[in-house]
Amino acid sequence: MGLALQILQGTRPPAPTYRRANSQVYRAFTKVAKGTQADLRRISERLAKGAIDLDRWADLAYAALLDGHVGAAALGRELSGGIDDSRDFDRGLAVADSERQHLFGFRDTLAEAETLDADAIAARLDNYLPRLRGTANSSWLEEGDRAILYKWELGGLLDHCEDCVYFNSVEPMPADEWPTKPGEYATPCMYNCGCDLVA
């Protein structure tokens, strides 16, 4: 099960970042994640009922992901104490654009399907939700104190990918020196990454 689904089901907080933060930020992040999931499910139901075509579905799904990533970027920034919101949209847009190719590839796959099942489509779109955590973590770390050193801490998975195991062996370093952040989909474990950067 992906981390975002665990968050949505209440079985795991999104990251130590949010566990150690005030509960207001945690609740706001959960609201962004659940809201994005609900939007994607509604869009999938409209597609399955024939109310929208595949191109409109892909555009609406992209817009929902963009809104979610902008919200996640804003929450990461808020958590760091940052007040300048001028980069929130650009951060969210960069992540949503990186997902666009996969989303539109899924649209092309659906075009070949004989029937469209809203639940199956929504379940596939759930795979995009954990990246919200990566967006929030990236924003938090980019806006935070550059003097803080972070250690890559392995998450709760029993089998970790080779990248996460390697990053765990690396000495602590500033956030901007890490080649990726947990939840950014840049490790082989992708949306299953449960690791965190811990000060």
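Every value quoted in this text rests on a predicted model; they were computed, and no experiment measured them. (Residues numbered from 1 in each chain as written. Predicted model: local features only at pLDDT ≥ 70, side-chain atom pairs only at ≥ 80, totals over all residues. Heavy atoms only, no water.)

J.: Help me understand the overall build of the protein in this model?
T.: Secondary structure assignment for the protein yields eight helices and three strands. Taken from the N to the C terminus, the helices and strands of the protein come in the order α-α-α-α-α-α-α-β-α-β-β. Relative to its full complement of 199 residues, the protein shows a buried share of 50%. In the protein, 71% of the contacts between residues at least 6 apart in sequence involve partners at least 24 apart. With the model as given, the accessible surface of the protein reaches about 9900 Å², and the carbon-plus-sulfur share is 50%. (Helix = DSSP H or I, 4+ residues; strand = E, 2+ residues; numbered from the N terminus. Buried < 20%, exposed > 50% of the residue type's maximum accessible area, 1.4 Å probe, protein only. Contact = heavy atoms within 4.5 Å. Areas by Shrake-Rupley, 256 points an atom, 1.4 Å probe, with all protein chains shown as cover.)

J.: Before we go on, may I ask you to explain the nonpolar core in this structure?
T.: Nonpolar side chains in soluble globular proteins tend to end up buried together. Within the largest apolar cluster, 28 residues are counted, with the highest numbers of intra-cluster contacts made by Leu 40, Leu 47, Trp 57, Leu 103, Leu 110, Ile 121 and Leu 125. When contributions to this core are tallied by element, the ones reaching two or more residues are α3 (23-48), α4 (54-80), α5 (88-111), α6 (118-125) and α7 (131-143). If one sorts the elements of this core by residue count, α4 sits on top with 11 residues. Not counting residues within four places of it along the chain, the set of residues in contact with Leu 47 comprises Ile 52, Asp 53, Leu 54, Trp 57, Leu 110, Leu 116 and Ile 121. Residues Met 173, Ala 175, Cys 195 and Leu 197 belong to the second largest nonpolar core, which totals 17 residues. (Core = buried A, V, L, I, M, F, W, Y, C linked by side-chain atoms within 4.5 Å.)

J.: Can you walk me through the sheet that holds strand β1 (residues 149-153) in this structure?
T.: In a beta sheet, neighbouring strands pair by backbone hydrogen bonds and run either parallel or antiparallel. If you trace the three strands from one edge of the open sheet to the other, you get β2-β1-β3, paired in antiparallel fashion. The sheet terminates laterally at β2 (173-174) and β3 (196-198), the two strands that pair on one side only. Bridge count for β1 against β3 is three bridges, and the pairing is antiparallel. Each residue of the ladder has a partner; that of Trp 152, found in β3, is Leu 197. (Pairing = 2+ DSSP bridges.)

J.: I would appreciate a short explanation of the packing of aromatic side chains in the present structure.
T.: Two aromatic rings, taken as a pair, are described by how far apart their centres are and by the angle between their planes. Enumeration over the complete set of coordinates arrives at six aromatic pairs. Aromatic pair Trp 152 and Phe 167: ring centres 4.7 Å apart, planes at 45 degrees, arrangement tilted. Placement of Trp 152 in strand β1 and of Phe 167 in helix α8 (residues 162-169) is noted, with a sequence separation of 15 residues between them. Judged by relative accessible area, Trp 152 falls into the buried class, the value being 0%. Following the ring pairs from residue to residue traces out a cluster consisting of Trp 152, Tyr 166, Phe 167 and Trp 178. Stacked on the ring of Phe 106, the Lys or Arg Arg 124 has its end atom at 4.1 Å from the ring centre. (Phe/Tyr/Trp six-rings, centres within 6.5 Å; stacked < 30°, edge-to-face > 60°. Lys NZ or Arg CZ within 6 Å of the ring centre and 35° of its normal.)

J.: I keep staring at the pairing of β1 and nothing clicks. Help me out?
T.: For a regular strand, side chains alternate in direction, first toward one face of the sheet and then toward the other. Only one face of β1 is covered, namely the face carrying Tyr 150 and Trp 152; the face carrying Leu 149, Lys 151 and Glu 153 is uncovered. As paired elements, β1 and β2 share two bridges and run antiparallel to each other. Among the inter-strand pairings, Leu 149 is bridged to a residue of β2, identified as Pro 174.

Treat this as a map of the structure, not an account of what it does.
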